[in-house]
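Here's the letter readout for the chains.
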Amino acid sequence: MSKLKIAVQKSGRLYDDSMKILKDVGISIDNGKDQLKASAKNFPLEVFYLRNGDIPQYLKDGVVDAAIIGENVLIEKGDKISVVEKLGFSSCKVSIAVPKAAKYNGVADLEGKRIATSYPNTVNQFLEKNNVKAHLHIINGSVEIAPNIGLADAIVDIVSSGSTLYKNGLKEVEILLKSEAVLAVSPLISSENQQILNKLQFRLQSVLRGRQSKYVLLNAPNDKIETIVNILPGMNSPTILPLAKEGWSSLHSVINKNEFWEVIDELKKNGAEGILVCPIENMVL
């Protein structure tokens, strides 16, 4: 039986998040320490543990069928590789940073400057778009140190919390792009493995919907039900069940987690009581 070959970063935060979501979709992977390849026990899938920067080429060559990879890496190295699902984790930015003491009024200030980066294609596209010419120093590794040793006037690198910039005396001045983990697919994937990928994507979508939602149960007087139903942004319409207490009902619905507290406040104002909120593991539509 054919197996879907999927690449993930072999270490770091993206690795941890990738393995967690595969576990959450019910895929059990027996990966021993330092293994570069492992098979799933209960799904036709093999996981390849690779350097993040090498994954785009593996996708182009068809060595792997799909990958969980940072969108920023695909933008830099993965032209002609399709993204089929954004996964909502491992968020970061690719940003320009300069020394804290440096004056910066806009992109024009980069004219003629030396910029250290491991994202030359991304930087060149940005500079061309803004009609700015600068000198790029390509560095793989700790880019943040470049201004401190006199190698560069600015850097372009991944920024998550900004703590690394702060420790190295730098400040973020421009955001080139925002990135998150994505599911990418090889242009050479076989039709058989595409069907397996579709099954995996269906599971991923169910988990991602669950992560974005909360299940809500509440009690309300019957004369408030219509108002409360209009407040609840449910999937279709809430479930309403009569309570033993005369004149009262229980309502069950789903709330988007980004709207959660605002909706809860409105529900309380309009007579809802005994509000119970539960996480959702999967939501299949």
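Predicted model only: the values in this text are computed from it and were never measured.

Each value, and the rule that gives it
- Residues numbered from 1 in each chain as written.
- Predicted model: local features only at pLDDT ≥ 70, side-chain atom pairs only at ≥ 80, totals over all residues.
- Heavy atoms only, no water.
- Helix = DSSP H or I, 4+ residues; strand = E, 2+ residues; numbered from the N terminus.
- Rg over C-alpha atoms; globule rule 2.2 N^0.38 Å.
- Buried < 20%, exposed > 50% of the residue type's maximum accessible area, 1.4 Å probe, protein only.
- Contact = heavy atoms within 4.5 Å.
- Areas by Shrake-Rupley, 256 points an atom, 1.4 Å probe, with all protein chains shown as cover.
- Lys, Arg positive; Asp, Glu negative; His and termini not counted.
- Charge placed at Lys NZ, Arg CZ, Asp CG, Glu CD.
- Pairing = 2+ DSSP bridges.
- Axes fitted to C-alpha atoms, helices over the stretch in contact; angles between N-to-C directions.
- Parallel < 35°, antiparallel > 145°, perpendicular 65-115°, else oblique.
- Nonpolar A, V, L, I, M, F, W, Y, C, P; charged D, E, K, R; others polar.
- Phe/Tyr/Trp six-rings, centres within 6.5 Å; stacked < 30°, edge-to-face > 60°.
- pLDDT = per-residue confidence, 0-100.
- Patch = residues over 30% accessible without salt bridge, like charges linked within 9 Å, V, L, I, M, F, W, Y side chains within 5 Å.
- Salt bridge = Lys/Arg side-chain N within 4 Å of Asp/Glu carboxyl O.
- Core = buried A, V, L, I, M, F, W, Y, C linked by side-chain atoms within 4.5 Å.

Trainee: Help me understand the overall build of the protein in this model?
Mentor: The helix and strand tally for the protein stands at eight helices and 15 strands. Taking 2.2 N^0.38 as the reference for a compact globule, 285 residues should give roughly 19 Å; the C-alpha atoms of the protein span a radius of gyration of 24 Å, well beyond that estimate. In terms of its C-alpha atoms, the protein occupies a principal-axis envelope of roughly 75 × 55 × 35 Å. The buried share of the protein, taken over its 285 residues, is 44%. The long-range share in the protein, meaning contacts at least 24 apart out of those at least 6 apart in sequence, stands at 69%. Of the roughly 15300 Å² of accessible surface on the protein, 48% is carried by carbon and sulfur atoms. Side-chain charges of the protein comprise 34 positive and 32 negative groups, with the mean position of each set lying 4 Å from the other.

Trainee: Whenever I open this one, the sheet that holds strand 4 (residues 66-70) confuses me. Can you help?
Mentor: Backbone-to-backbone hydrogen bonds pair the strands of a sheet. The strands run either parallel or antiparallel. Taken in spatial order, the six strands of this open sheet run 2-3-1-4-11-5, and their pairing is mixed. The sheet is open, and its two edges are formed by strand 2 (37-39) and strand 5 (82-86), each paired on a single side. On average, adjacent strands in this sheet sit at an angle of 30 degrees to one another, irrespective of strand direction. Sheet topology note: the strand 1 (residues 4-9)/strand 3 (residues 45-50) ladder contains six bridges and is parallel. Bridge pairing in strand 3 places Gln9 opposite Leu50. Strands in contact with helix 1 (residues 13-24) are strand 1, strand 3, strand 4 and strand 11 (181-185); relative to strand 4, the strand with the most contacts, it is inclined by about 135 degrees.

Trainee: Explain the packing of helix 1 against helix 6 (residues 191-211) here, please?
Mentor: Helices that pack against each other are described as a pair by the angle of their axes relative to one another and the distance between those axes. Where helix 1 meets helix 6, the closest approach of the two axes is 9 Å, and the angle between their N-to-C directions is 100 degrees. Classed by the angle they form, the pair helix 1 and helix 6 counts as roughly perpendicular. Contacts between helix 1 and helix 6 involve Lys20, Ile21, Leu22 and Asp24 on the former and, on the latter, Leu200, Leu204, Val207, Leu208 and Arg211. Grouping the amino acids of the contact of helix 1 with helix 6 by side-chain chemistry returns six nonpolar, no polar and three charged.

Trainee: Can you walk me through the packing of aromatic side chains in this structure?
Mentor: The description of an aromatic ring pair uses the distance of the two centres, along with the angle that the planes make with each other. Applying the stated criterion to the full structure yields two aromatic pairs. Taking the centre distance of 4.7 Å and the plane angle of 70 degrees together, the rings of Phe260 and Trp261 count as edge-to-face. A residue is classified by how much of its surface remains accessible, and Phe260, at 9% relative accessible area, is buried. For Trp261, a relative accessible area of 60% gives the class exposed.

Trainee: Looking at this model, I keep getting lost on the pairing of strand 13 (residues 239-242). Mind explaining?
Mentor: Within a regular strand, side chains alternate between the sheet's two faces. Pairing analysis gives four bridges linking strand 13 to strand 14 (residues 248-256), with the strands arranged antiparallel. Opposite Ile240, over in strand 14, you have Leu251 as the bridge partner. Counted along the chain from strand 13 to the antiparallel partner strand 14, the turn is five residues long, and its residue Gly247 has a positive phi close to 85 degrees.

Trainee: What am I meant to see in the confidence of the model for the protein here?
Mentor: A low pLDDT means the predicted coordinates there should not be read in detail. Averaged over the protein, the pLDDT score is 91; the fraction of residues at 70 or greater is 98%. Helix 5 (residues 163-167) is the least confidently modelled element of the protein, averaging 88 in pLDDT, while strand 11 averages 97, the highest of any element.

Trainee: Whenever I open this one, a nonpolar patch on the surface confuses me. Can you help?
Mentor: The grouping of Ile145, Ile149 and Leu151 at the surface amounts to a nonpolar patch, some 260 Å² of accessible area in total. Looking at the secondary structure, you find Leu151 in the loop between strand 8 (135-138) and strand 9 (154-159).

Trainee: Please explain the sheet that holds strand 6 (residues 92-99) as it appears in this structure.
Mentor: Read across the sheet, five strands follow the order 8-7-9-6-10 without closing on themselves; strand pairing throughout is mixed. Whereas interior strands pair on both sides, the edge strands pair on one side only; in this sheet they are strand 8 and strand 10 (170-179). The mean inter-strand angle of the sheet, taken between neighbouring strand axes irrespective of direction, is 25 degrees. As paired strands, strand 7 (residues 114-117) and strand 8 are joined by four bridges and run parallel to one another. Paired with Arg114 across the strands is His135, a residue of strand 8.

Trainee: What am I meant to see in the environment of Leu200 here?
Mentor: Among the secondary structure elements, Leu200 is positioned in helix 6. Exposure remark for Leu200: the relative accessible area of 0% places this residue in the buried category.

Trainee: Explain the nonpolar core here, please?
Mentor: The tendency in soluble globular proteins is for nonpolar side chains to be buried as a group. Counting residues in hydrophobic clusters, the biggest one holds 30 residues, and the most contacted among them are Ile27, Ile29, Leu45, Ile68 and Leu200. Broken down by secondary-structure element, the contributors of at least two residues to this core are strand 1, helix 1, strand 3, strand 4, strand 11 and helix 6. If one sorts the elements of this core by residue count, helix 6 sits on top with six residues. Counting residues in each nonpolar core, the second largest holds 15 residues, with Ile96, Leu110, Val156 and Leu177 among its members.

Trainee: Teacher, can you tell me more about the environment of Asp265 here?
Mentor: Its place among the elements puts Asp265 in helix 8 (residues 260-269). Remark: the alpha-carbon pair of Asp265 and Ser190, spanning 75 residues in sequence, is separated by 50 Å.

Trainee: Explanation requested: the environment of Gly88 in the structure shown.
Mentor: By the secondary structure assignment, Gly88 is in the loop between strand 5 and strand 6. On the accessibility criterion, Gly88 (57% relative accessible area) is exposed. Along the chain, Gly88 and Ser191 lie 103 residues apart, while their C-alpha atoms are 27 Å from each other.

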